[in-house]
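In case you want the letters, here they are:
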Amino acid sequence: MFRWWRTLVQARIGAMRNSLLLYSLFLVLTGCSPAPPREQAAQPKRPARAPDNFQVRFETSKGPFTIEVDRAWAPRGADRFYELVEDRFFDEARFFRVVKGFVVQFGIHKDPVINARWNKLHLVDDPVRESNKRGYVSYATSGPSTRTTQIFINLADNSRLDSRGFAPFGRVTDGMDVVDKLYAGYGDSPPLGYYGPDQNKIEAEGNAYLERSFSRLDYIRTARVVSH
């Protein structure tokens, strides 16, 4: 009788130990799996691929213009541009650098928090397959594989930029006269100019800085894909 009871107790103790072991393993598997970082979770969603050809219509404070993108020219740049437009990134962005006879530059988000997220998503460079002719569109860079969101439209034949790695991904097909009329009164940005907007301050303060100190800048009302 005693032996039977002792065997029963030992069996129950063994079952409890096995249950605790399984529970401990469950905690290890769930508790040690890292949760996705908040910053990573907040990153913009990235489409796998843009259409081979598509057009984007920009409605601006000076009127409309259209950029036509050919993905074969610069696939990574085209994909990012499509992604930005679909995310409404350019809405209310200012044309913060307008240098007559050279370029019109834009692509800093109105909200510095959102802009900072995108600034972490650098693009690997595309080979230069087209030239930076008048009306052609490329990304601004600060060195190899540093393209993010800033874009410029060539106001003249700037083919000298080709050898420096600026790869056009599209061109203005309609409304170049509107691009030519964008406000250029502030001149170039520091350190190339003395009176233009400071890009570091735009990134830090967003549109609040530009509205306060450079209120005459033209801006994008909306940018939307209109065909592909």
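Each remark here, short or long, concerns the structure printed above.
Computed from a prediction, not measured in an experiment: that's the story for all the values here.

Chemist: Help me get a handle on the overall build of the chain, residues and values and all.
Modeler: Counting its regular elements, the chain contains 7 helices and 8 strands. Sequence separation of 24 or more characterises 70% of the internal contacts of the chain that already satisfy a separation of 6 or more. Roughly 12900 Å² of accessible area belongs to the chain as shown, and the carbon and sulfur atoms make up 54% of that amount.

Chemist: Just give me the short version of helix 3 (residues 75–86), but keep the residues and values in it.
Modeler: With 12 residues, helix 3 extends 16 Å between its outermost C-alpha atoms, agreeing within 8% with the 16 Å of an ideal straight helix rising 1.5 Å per residue. Inspection of helix 3 places Gly77, Ala78, Asp79, Arg80, Phe81, Tyr82, Glu83, Leu84 and Val85 among the buried residues, and these make up the whole buried set. Residues of helix 3 that are buried make contact with strand 1 (53–60), strand 2 (63–70), helix 4 (112–119), strand 5 (136–139), strand 6 (151–154) and strand 8 (220–227). A positive backbone phi angle near 65° is found at Arg88, which sits one or two residues after helix 3.

Chemist: Mind laying out the environment of Val137, listing which residues take part and the relevant values?
Modeler: Along the chain, Val137 turns up in strand 5. Taking the relative accessible area as the measure of exposure, Val137 reaches 0% and is therefore buried. Residues Val137 and Ala167, 30 residues apart in the sequence, show an inter-C-alpha distance of 8.3 Å. In this view, Val137 contacts Ile67, Ile151, Phe152, Ile153, Ala167, Pro168, Phe169, Gly170, Arg171 and Val172; residues no more than four positions away in its chain are not counted.

Chemist: Break down the sheet that holds strand 1 for me, with residues and values.
Modeler: If you trace the 8 strands from one edge of the open sheet to the other, you get 3-4-6-5-7-2-1-8, paired in antiparallel fashion. The open sheet terminates on both sides in strands that have one partner only, identified here as strand 3 (97–99) and strand 8. Between one strand axis and the next, the sheet turns by 25° as a mean value, whatever way the strands run. Looking at chain direction, strand 1 and strand 8 are connected through 6 bridges and run antiparallel. When the sheet's bridge partners are listed, Phe58 is paired in strand 8 with Ala223. Across the sheet, helix 3 touches strand 1, strand 2, strand 5, strand 6 and strand 8, and the angle it forms with strand 1 is around 45°.

Chemist: Just give me the short version of the pattern of salt bridges, but keep the residues and values in it.
Modeler: In this structure the tally under the stated criterion is 14 salt bridges. Residue Arg49 is joined to Asp52 by a salt bridge in which the shortest nitrogen-to-oxygen separation is 2.8 Å. Here Asp52 falls in the partly exposed class, since its relative accessible area comes to 45%. Between Arg94 and Glu211 there is a salt bridge, with the nearest N and O atoms lying 3.4 Å from each other. Highlighted residues: Arg94 in the loop between helix 3 and strand 3 and Glu211 in helix 7 (residues 207–213), separated in sequence by 117 residues. Residue classification places Arg94 among the buried positions, given a relative accessible area of 13%. Among the charged side chains, a salt-bridge network with shared partners connects Arg76, Asp125, Asp126 and Arg147.

Calculation criteria
Residues numbered from 1 in each chain as written. Predicted model: local features only at pLDDT ≥ 70, side-chain atom pairs only at ≥ 80, totals over all residues. Heavy atoms only, no water. Helix = DSSP H or I, 4+ residues; strand = E, 2+ residues; numbered from the N terminus. Contact = heavy atoms within 4.5 Å. Areas by Shrake-Rupley, 256 points an atom, 1.4 Å probe, with all protein chains shown as cover. Expected span 1.5 Å × (residues − 1). Buried < 20%, exposed > 50% of the residue type's maximum accessible area, 1.4 Å probe, protein only. Pairing = 2+ DSSP bridges. Axes fitted to C-alpha atoms, helices over the stretch in contact; angles between N-to-C directions. Salt bridge = Lys/Arg side-chain N within 4 Å of Asp/Glu carboxyl O.

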